[in-house]
Amino acid sequence: MTSVQAEPGEISVSLSINGRAVAVPTGTSIHKACESAGIDTPTLCWAENLTPVSVCRVCVVEVEGSRALVPSCARAAEDGMVVDTDSDRVRHSRKMVLEFLGSGVDLSQAPELQRWIEHYESEPERYDQYEMPAIRMGEEPKVQDNLYIRDYDKCVLCYKCVEACGDDAQHSYAIAVSGRGFGARISTEFDAALPDSACVYCGNCISVCPTGALMFTSEHEMRKAGEWDESKQTSTETVCPYCGVGCVLDLTVQDNKIVRVMSPVESSVTNGNLCIKGRFGYGFVAGAEQSEPTSEAESGAT
Ligand code: SF4
Ligand code: SF4
Ligand code: FES
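Residues numbered from 1 in each chain as written. Chains lettered and ligands numbered in written order. Predicted model: local features only at pLDDT ≥ 70, side-chain atom pairs only at ≥ 80, totals over all residues. Heavy atoms only, no water.

A.B. asks: I'm lost on a nonpolar patch on the surface in this one. Help?
C.D. replies: On the surface, Tyr242, Phe284 and Val285 cluster together into a nonpolar patch covering about 320 Å² of accessible area. With respect to the helices, strands and loops of the structure, tyrosine 242 is situated in the loop between β11 (233–239) and β12 (248–254). According to the relative accessible area criterion, tyrosine 242 is partly exposed, its value standing at 41%. (Patch = residues over 30% accessible without salt bridge, like charges linked within 9 Å, V, L, I, M, F, W, Y side chains within 5 Å. Areas by Shrake-Rupley, 256 points an atom, 1.4 Å probe, with all protein chains shown as cover. Salt bridge = Lys/Arg side-chain N within 4 Å of Asp/Glu carboxyl O. Helix = DSSP H or I, 4+ residues; strand = E, 2+ residues; numbered from the N terminus. Buried < 20%, exposed > 50% of the residue type's maximum accessible area, 1.4 Å probe, protein only.)

A.B. asks: Help me understand the site of ligand 1, please; the structure alone is not making it clear to me.
C.D. replies: In the region of ligand 1, the neighbouring residues are Tyr148, Cys165, Ser172, Ile175, Cys199, Val200, Tyr201, Cys202, Gly203 and Cys205. Looking at the shell around ligand 1, its residues break down into eight nonpolar, two polar and no charged. (Near = heavy atom within 4 Å. Nonpolar A, V, L, I, M, F, W, Y, C, P; charged D, E, K, R; others polar.)

A.B. asks: How should the sheet that holds strand β13 (residues 257–262) be read in this particular structure?
C.D. replies: Pairing between sheet strands relies on hydrogen bonds along the backbone, with the strands arranged either parallel or antiparallel. With respect to topology, three strands assemble into an open sheet ordered β11-β12-β13, the strand pairing being antiparallel. Since the sheet does not close on itself, it has two edges, and those belong to β11 and β13, each with one partner. Within the sheet, the average angular offset between the axes of one strand and its neighbour, ignoring direction, is 30°. By the bridge criterion, seven bridges tie β11 to β12 in an arrangement that is antiparallel. Its bridge partner being in β12, glutamate 237 is matched across the sheet by aspartate 250. (Pairing = 2+ DSSP bridges. Axes fitted to C-alpha atoms, helices over the stretch in contact; angles between N-to-C directions.)

A.B. asks: Would you take a moment to explain the site of ligand 2 for this structure?
C.D. replies: Around ligand 2, the structure places 14 residues, and the nearest of them are Cys155, Cys158, Tyr159, Cys161 and Cys209. For the shell around ligand 2, the residue count by class is twelve nonpolar, one polar and one charged.

A.B. asks: Mind showing me how you'd approach a negative patch on the surface here?
C.D. replies: On the surface, Glu121, Glu123, Glu125 and Asp128 cluster together into a negatively charged patch. Here glutamate 125 lies in the loop between α3 (111–119) and β7 (148–150). (Lys, Arg positive; Asp, Glu negative; His and termini not counted. Charge placed at Lys NZ, Arg CZ, Asp CG, Glu CD.)

A.B. asks: Before we go on, may I ask you to explain the nonpolar core in this structure?
C.D. replies: As a rule of thumb, nonpolar side chains are buried together in soluble globular proteins. Counting residues in each nonpolar core, the largest one holds 31 residues, and the members touching the most others are Tyr148, Ile186, Tyr201, Val261 and Phe280. Elements with a contribution of two residues or more to this core: α4 (160–165), α5 (204–208), β10 (214–216), β12, β13 and α7 (276–280). If sequence neighbours within four positions are ignored, valine 261 has contacts with Phe216, Leu249, Asp250, Leu251, Leu274, Gly278, Arg279 and Tyr282. (Core = buried A, V, L, I, M, F, W, Y, C linked by side-chain atoms within 4.5 Å. Contact = heavy atoms within 4.5 Å.)

A.B. asks: Explanation requested: helix α6 (residues 217–224) in the structure shown.
C.D. replies: An α-helix turns once per 3.6 residues; consequently, residues spaced three or four apart project the same way. When α6 is considered as a whole, its buried residues turn out to be Thr217, Glu219, His220 and Met222. The positive-phi residue at the C-terminal boundary of α6 is glycine 226, with phi of around 70°.

A.B. asks: Help me understand the pattern of salt bridges, please; the structure alone is not making it clear to me.
C.D. replies: When their charged atoms lie close together, side chains carrying opposite charge are able to pair. Across all of its chains, the model carries 16 salt bridges by this definition. Of the charged contacts in the structure, one is a salt bridge between arginine 260 and glutamate 219, with a shortest N-O distance of 3.0 Å. Placement of the pair is arginine 260 in strand β13 and glutamate 219 in helix α6, with a sequence separation of 41 residues. Between aspartate 255 and lysine 232 there is a salt bridge, with its nearest N and O atoms 3.5 Å apart. Of this pair, aspartate 255 sits in the loop between β12 and β13 while lysine 232 sits in the loop between α6 and β11, and the two are 23 residues apart along the sequence. Judged by its relative accessible area of 46%, lysine 232 falls in the partly exposed class. Among the charged side chains, a network of salt bridges with common partners joins Glu219, Arg223, Glu230 and Arg260.

Read these as spatial facts, not as claims about activity.
Structure follows, in structure tokens:
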């Protein structure tokens, strides 16, 4: 039996996944139970540091006795549950969902999604023949300051940025989904430019975006110039020098320059989140060669 280590006194539940007996602590999601059994399950709108909103449905599994397929990221494992993650129905559903999510958007910077598209032999391009009312391909990236860009050509509407900006981390509520159906878009209030919105430039939305729709300006410009080269990049973990909280920073460095700053989700201090200073205030390291926050951005710093 595969099991996740339960804390002393913790009650565990036993279930069957793909015919294997698995035991996990009470409250563990089916997705996490699959992970503990070494079963790879696709996710898109789920993240370790976000509350599941279950909008993408790529993680669905079949649960015996349940009429509809179940989102494994949000549904807790139960005692006696019989789960199938690889039935024809699951495979077909995931294939279709990936096709819908991938149609009409640019997934060139979404390697994980591409991996699953290949795995399920999805063909998002087969919808190219239809005239879609509000296809996103071809929209210019929104470059409204020198810190980060929003390229909604690449947006699959996973809601992660909205969650990171809202209840799950920043509580700024600067962005939300506007419109419905084909017209749905992630937008600031009244589509205001980012410096005029409630955005405080924490960049937590960038760190959760799975498709590169939200990106450091430094990365965006380097990619545009063909200079982004992961083989030349190193990653250095350090502590933010700005205040005494002790946020862990993960610096991506290329050609001796910091090109991106993230924070590990596993950090108990940050849970993957930063403020504007930790995220973008690294200019002092290399002086004038690095970007400084714009005055609009600085006004949002806390
Ligand atoms: S940078 Fe922070 S405040 Fe601004 S939209 Fe992203 S999550 Fe919200
Ligand atoms: S911008 Fe990124 S994080 Fe936000 S909804 Fe689109 S794909 Fe998801
Ligand atoms: S990852 Fe489960 S519904 Fe999106």
